[in-house]
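One-letter residues, chain by chain:
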Amino acid sequence: GDVSGEEEPERVDMPEEFVSLTSKELPISSKLATKYLFERGVTRQDILKWKIGYCPEGEYGGRIIVPSFSESGDLNFFVGRSYTGHWQKYNQPSVSRDIVFNHLYVDWDEDIVLVEGVFDAIVAGTNAIPILGSRLKENSKLFQEIVSHDSTVYVALDPDAERKALRLIRDLLQYDIELYKINIHPYSDVGEMFPSEFEKRKSEAQQMTQHSLLRYCASADIK
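Let us look at the structure shown here. (Residues numbered from 1 in each chain as written. Predicted model: local features only at pLDDT ≥ 70, side-chain atom pairs only at ≥ 80, totals over all residues. Heavy atoms only, no water.)

Quick word on the nonpolar core
In this structure, I52, I64, F101 and L114 are the most contacted members of the largest nonpolar core, which totals 68 residues. Apart from residues lying up to four places away in sequence, F101 is in contact with W50, V66, P67, S68, F77, V79, V106, V118, I129, P130 and L132. (Core = buried A, V, L, I, M, F, W, Y, C linked by side-chain atoms within 4.5 Å. Buried < 20%, exposed > 50% of the residue type's maximum accessible area, 1.4 Å probe, protein only. Contact = heavy atoms within 4.5 Å.)

Digging into the side chain of N76
Structurally, N76 is set in strand 4 (residues 75–82). A polar contact is formed between the side chain of N76 and the side chain of S68, at a distance of 2.7 Å. (Helix = DSSP H or I, 4+ residues; strand = E, 2+ residues; numbered from the N terminus. Polar contact = N/O pair within 3.5 Å; in protein donor to acceptor, adjacent residues only side chain to side chain.)

Quick look at the sheet that holds strand 8 (residues 153–155)
Across the sheet, 5 strands lie side by side as 7-6-8-9-10; this open sheet has mixed pairing. Every interior strand has two partners, whereas the edge strands, strand 7 (128–130) and strand 10 (206–208), have only one. This sheet shows a mean twist of 30° between the axes of neighbouring strands, independent of strand direction. Looking at chain direction, strand 8 and strand 9 (residues 179–181) are connected through 3 bridges and run parallel. What sits directly across from V153, in strand 9, is L179. The sheet contacts of helix 5 (residues 162–173) involve strand 6 (112–115), strand 8, strand 9 and strand 10, and relative to strand 9 the element is tilted by about 165°. (Pairing = 2+ DSSP bridges. Axes fitted to C-alpha atoms, helices over the stretch in contact; angles between N-to-C directions.)

Overview of the packing of helix 5 against helix 7 (residues 210–219)
Contact pair helix 5 / helix 7: the axes reach a minimum separation of 10 Å and the direction vectors enclose 160°. With respect to their mutual orientation, helix 5 and helix 7 come out roughly antiparallel. Of the two possible hands of crossing, helix 5 and helix 7 adopt the one that is left-handed. Between helix 5, through E162, L166, I169, R170 and L173, and helix 7, the contact on the second element is made entirely by Q210, L213, Y216 and C217. Tallied by class, the residues present in the contact of helix 5 with helix 7 amount to 6 nonpolar, 1 polar and 2 charged. (Parallel < 35°, antiparallel > 145°, perpendicular 65-115°, else oblique. Left-handed = near helix turned anticlockwise from the far one by under 90°. Nonpolar A, V, L, I, M, F, W, Y, C, P; charged D, E, K, R; others polar.)

So, the pairing of strand 3 (residues 63–69)
Where burial is concerned, most of strand 3 is hidden: 7 out of the 7 residues are buried. What you see with strand 3 is no split at all: R63, I65, P67 and F69 on one side and I64, V66 and S68 on the other are buried throughout. Bridge count between strand 2 (residues 53–55) and strand 3: 3 bridges; the pairing is antiparallel. By the bridge assignment for strand 3, Y54 is matched with I64.

A closer look at the sheet that holds strand 4
Sheet strands pair by backbone hydrogen bonding; their relative direction is either parallel or antiparallel. The strand order across the open sheet formed by 5 strands is 1-2-3-4-5, and the pairing between neighbours is antiparallel. Of all strands in the sheet, those with a lone pairing partner are strand 1 (19–20) and strand 5 (90–91), marking the two edges.

As structure tokens, this is what we get:
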């Protein structure tokens, strides 16, 4: 057994049909995928930075693939998002989501931005970490990393996940984390914004303390 107590993360393999969009020469089948990305405001630079690709066929056929790399540089997850209007928007490998998405690229000494999904993270830019829609529990890797590095955190979850956001803020405040809440209204998520709009809202973010959290919950009538 593993004596260190550190669990070995599950190894994830890219789908066999994966085609990277980072290369200059792209096959004809990439047209729809790149059109979808550009329409969502994803730039050529984003594609290179996030190492985005797609699958023309197979289990993940008709899906954009956004990979995640562990601290040691291994693939530990990927998000498959349909670009053909499939009823199931997302298809992801059935491995643990208790990861720090793209841990390899996170600088814990800089501001950390917590968002819902990968397209939100692409807009939010450097050090934006998607929590992949799950509740961030105190024993999760991401929560533990934030606390151990005492990072400054900006929370930018979707407005319809308000309770989840406030629970996360409350949990992190118990560890004296410097915390800000970014206002997403009237957008339904960060992914709908231009990066410049997000930056503006980040600069106007409200600092959350135990006191301001109580006040905020009272005004929003959240128990």
